[in-house]
Each structure stands twice: as structure tokens, then as C-alpha cells.
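Chain and residue survey
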Amino acid sequence: MTTRLADIAAQAGVSEATVSRVLNGKPGVAATTRQSVLAALDVLGYERPVRLRQRSEGLVGLITPELENPIFPALAQVIGQALTRQGYTPVLATQTPGGSTEDELTEMLVDRGVAGIIYVSGLHADTTADMQRYERLRAQGVPFVLVDGFSPKVQAPFISPDDRAAMTLAVTHLASLGHTRIGLALGPKRFVPVQRKIEGFVRAMQDQLSLAAEVIETELVQHSLYTLEGGQAAAMALMDRGCTAVVCASDMMALGAIRAARQRGLEVPKDISVVGFDDSPLIAFTDPPLTTVRKPVPAMGQAAVRTLLEEIGGTPAPHSEFVFMPELVVRGSTASAPGDRNRP
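All of the points below concern the structure found in this document. (Residues numbered from 1 in each chain as written. Predicted model: local features only at pLDDT ≥ 70, side-chain atom pairs only at ≥ 80, totals over all residues. Heavy atoms only, no water.)

The next point concerns the overall build of the protein. In terms of regular secondary structure, the protein is built from 12 helices and 12 strands. By its C-alpha atoms, the protein is 70 × 50 × 35 Å across when sized along the principal axes. Looking at the protein as a whole, 47% of its 344 residues qualify as buried. Summarising the internal contacts of the protein: among those between residues at least 6 apart in sequence, 69% fall at separations of at least 24. Carbon and sulfur atoms form 51% of the exposed surface of the protein, whose accessible area is close to 15800 Å². Taking the average location of the 32 positive side-chain charges in the protein and that of its 36 negative ones, the two points are 5 Å from each other. (Helix = DSSP H or I, 4+ residues; strand = E, 2+ residues; numbered from the N terminus. Buried < 20%, exposed > 50% of the residue type's maximum accessible area, 1.4 Å probe, protein only. Contact = heavy atoms within 4.5 Å. Areas by Shrake-Rupley, 256 points an atom, 1.4 Å probe, with all protein chains shown as cover. Lys, Arg positive; Asp, Glu negative; His and termini not counted. Charge placed at Lys NZ, Arg CZ, Asp CG, Glu CD.)

Within helix H5 (residues 102-111) the residues assigned to the buried category are Glu102, Leu105, Thr106 and Leu109. Down the axis of H5, the buried side of the element spans an arc of 100°, and every buried residue falls inside it. Seen from the buried face of H5, the exposed residues on the opposite side, beyond 90 degrees, are Glu107 and Asp111. Close packing links the buried residues of H5 with strand E1 (58-64), strand E2 (88-94), strand E3 (116-120) and helix H6 (132-139). Gly113 sits one or two residues past H5 and shows a positive phi near 70°. (Arc of directions from axis to C-beta.)

In this section: the sheet that holds strand E9 (residues 273-278). Spatially, the six strands line up as an open sheet ordered E7-E6-E8-E9-E10-E12, and their pairing is mixed. The outermost strands of the open sheet, each flanked by one partner alone, are strand E7 (221-223) and strand E12 (327-329). When strand polarity is set aside, the average angle formed by the axes of neighbouring strands in this sheet is 20°. Pairing between strand E10 (residues 291-294) and E12: three bridges, direction antiparallel. Bridge pairing in E12 links Val293 to Leu328. Sheet strands touched by helix H11 (residues 251-263): strand E6 (182-186), strand E8 (245-248), E9 and E10. Its angle to E9, the strand with the most contacts, is close to 160°. (Pairing = 2+ DSSP bridges. Axes fitted to C-alpha atoms, helices over the stretch in contact; angles between N-to-C directions.)

With that out of the way, let us pick up the pairing of E10. Here is the key point about a regular strand: its side chains alternate between the two faces of the sheet. Both E9 and E10 contribute to a ladder of four bridges, which runs parallel. Looking at E10, one finds that Val275 is bridged to Thr291.

Once that is clear, we can look at the layout of surface pockets. Reported here for the largest pocket is a volume of approximately 1000 Å³. Forming the walls of the largest pocket are 35 residues, and the residues nearest its centre are Pro65, Glu66, Phe72, Ser121 and Tyr226. Looking at the lining of the largest pocket, the elements that each hand over two or more residues are helix H4 (71-85), helix H8 (192-209) and E9. In terms of residue class, the lining of the largest pocket is made up of 17 nonpolar, eight polar and 10 charged. (1 Å grid on protein atoms, 1.4 Å probe; cavity = no way out; pocket = protein on both sides within 12 Å on 5 of 7 lines; lining within 4 Å. Points joined across faces, edges and corners; volume = space filled by probe spheres on them. Nonpolar A, V, L, I, M, F, W, Y, C, P; charged D, E, K, R; others polar.)

In this model, H4 (15 residues) spans 21 Å end to end at C-alpha, consistent with the 21 Å of a helix rising 1.5 Å per residue. Along H4, the positions that sit buried rather than exposed are Ile71, Phe72, Ala74, Leu75, Ala76, Val78, Ile79, Gly80, Ala82 and Leu83. Considering only its buried residues, H4 is in contact with E1, E2, E3, strand E4 (144-147), E9 and helix H12 (297-312). At the C-terminal side of H4, Gly87 shows a positive phi close to 90°. (Expected span 1.5 Å × (residues − 1).)

So, about the pattern of salt bridges. Side-chain pairs of opposite charge can arise whenever the charged atoms involved come near each other. All told, the structure shown has 12 salt bridges when counted by the stated rule. The salt bridge involving Lys295 is made with Asp148; its shortest N-O contact spans 2.5 Å. In this pair, Lys295 sits in the loop between E10 and H12 while Asp148 sits in the loop between E4 and strand E5 (158-161), placing the two residues 147 residues apart along the sequence. Using a relative accessible area of 6% as the deciding quantity, one classes Asp148 as buried. Put simply, Arg264 and Asp240 hold a salt bridge, and the shortest N to O gap is 2.8 Å. Taken together, the residues span a long stretch of sequence, with Arg264 in the loop between H11 and E9 and Asp240 in helix H10 (residues 228-240) at a distance of 24 residues. Judged by its relative accessible area of 36%, Arg264 is partly exposed. For Asp240, a relative accessible area of 56% puts it in the exposed group. Among the ionic contacts, a cluster of salt bridges with common partners joins Asp279, Arg294, Glu327 and Arg331. (Salt bridge = Lys/Arg side-chain N within 4 Å of Asp/Glu carboxyl O.)

This is the structure we're talking about:
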């Protein structure tokens, strides 16, 4: 018991006496200190005493398209932690090919009396989808927030990264390294984030390299799937068109682009530069470490929860889009363009 108290105290940064007071439910401990001790218990894998188990304020559904792309678990973790801190219990519902659809998962969550739902990269991002499903949900009195995607047809709070600015950051970086033939690999065109990335890419290529919009869209933009294999296929096509750098709409696609380059016998970044998007967990430890545009996941996840809780509390946030600025993280997958090695 003494060893356990010492471990918890060291992890929480408090005294053993404080840990003892928390574990025994004694008064006189600040709420933040109490939370630190409970977090230390969880991190070290100790079971909480029954008296300290919190009663949930209610369930909140989180619907994601899949979990293979590490950015979705990362976002789910931020949202889950933020909900837990506010006393709510997150329920993760994931779509899988051939499995439950977004509508089926929504119905299941509503049937279980969730207090609200957060959608990540859902049908709200698909310009071909029927947006009436969200109006029907609102009519049922279920608060919801939509992350990664936007539709003017839906009256709800939206949380998004600035996809256009992300492309400006990537293109400006590559152009500064002497690249004049830069390709963009991204998902199907019907999705709002894809359309916005194309808009940002075209504008940045016009500003930096004075290329015509028609040339950019027909020769330098390649649609594929948001997977490693999709990135590989798109990069192959862009390399066939003479690209010396590829901007990818996800880190998974960027890893596929690196694999495509190696299959051609090319080195990254010596022969071709690759930029990702997301800055997923562990992406800094790839070979080479990936230059990427960091999606502001912590800020977006916390904003989604804060906005949903305002909806639940009856003081809804404005039904508009909250846009968060991404950040370029330069690592080892980008370098001066081939034939331009004398640049600083």
C-alpha cells in the first residue's frame, strides 16, 4: 500500500498524504489536485476505489468513418478525454465497409438516449449526400456538432481546419526549395475538404509559380483514396507527369507516395519531396521523418466538445463554422528540387 501511495504521489506530483486523502474521500483537497490523483491512478493501471467512481452525466456519441487512419483515433482520444473531464461518457461508433452506416449508428445512439452526437468526417462532408438526415435529427431534439466538412444546408456548429491555408503552407515551402512541378494527391472530389484543398492549391500555385488554373487542375491534381495504396497510385501518376514534389491530403497517402518513389528507385527527398497532412501520431518517426501540415487536433477536439456541451446546456453556439489554422512542420521528406542543389 505504501509503495502504491508513493507511485501515485510521484505520478501526480503531490504528497502521499494528499493521495491518501483523495483515496479515502476526505475533504480539503482542491478539485484540480483530486483530478490529478485520479488521473495518476488511471495512468498507473490501478483500479479506482468504488467510492471514487464518478456517476456519468450521460452518454455522448462519437461517430468516425474508420480507425485505420491514425488521425481518427487521435481526434477520438482528445474528444473522449474532454468529455470525460466534463463528466460525460463517450461512446465511440465506427463505420466499417459492409458494416453499420452513419444513419444506423445514429439511430442506435439515439435509441440509447445519448445527450448529443459528434460526427467526424461524416456525410456532412459529402456534397452528394442528403442533408435532410441532420434536420430530422435536430427535430428529434438531439444536439450535434459536425467536424471536418461543411454544408450551408445544415443548421449546426461546424469545426474545420483551414484546408486552403494548409495548401498555401505546403506549396510555399516547396516553391521556396526550387520545385516548379508540384503535384497534389487527394481523395474523391465530392468531399468538401478535398474541394477546399484544391482551391487552396490552385491559388498557391498561381501565386508562387504563375501557372494557369486549367493546367494545375488537369495535370497536377490526382484523385485517389485516403489510404496508403491510394497515395501510392496517385504519386505514380504525378511522377509520370514530371512532378518533383507531391503534396498529399493525409499522412497515410504521403507514406504511399514515399513507397511509390522507392519502387521507382528514387530517394526521398533527394529525387522527390513529399508533404503530408495531419501530423498523425508517430509520423515524425517514419523514414525519412515526414514533413507535414499539422492539423490542430487538440484545439478542434476541445472546441467540438465545448460547442456540443453548450448545445446540450441550452445555450447553443452560433450555427456557423469554426475554422482552425494548421501549421507546417518541416522534417526530412522535403529538400531542394533536383538540379537546384546550390540553393541555400
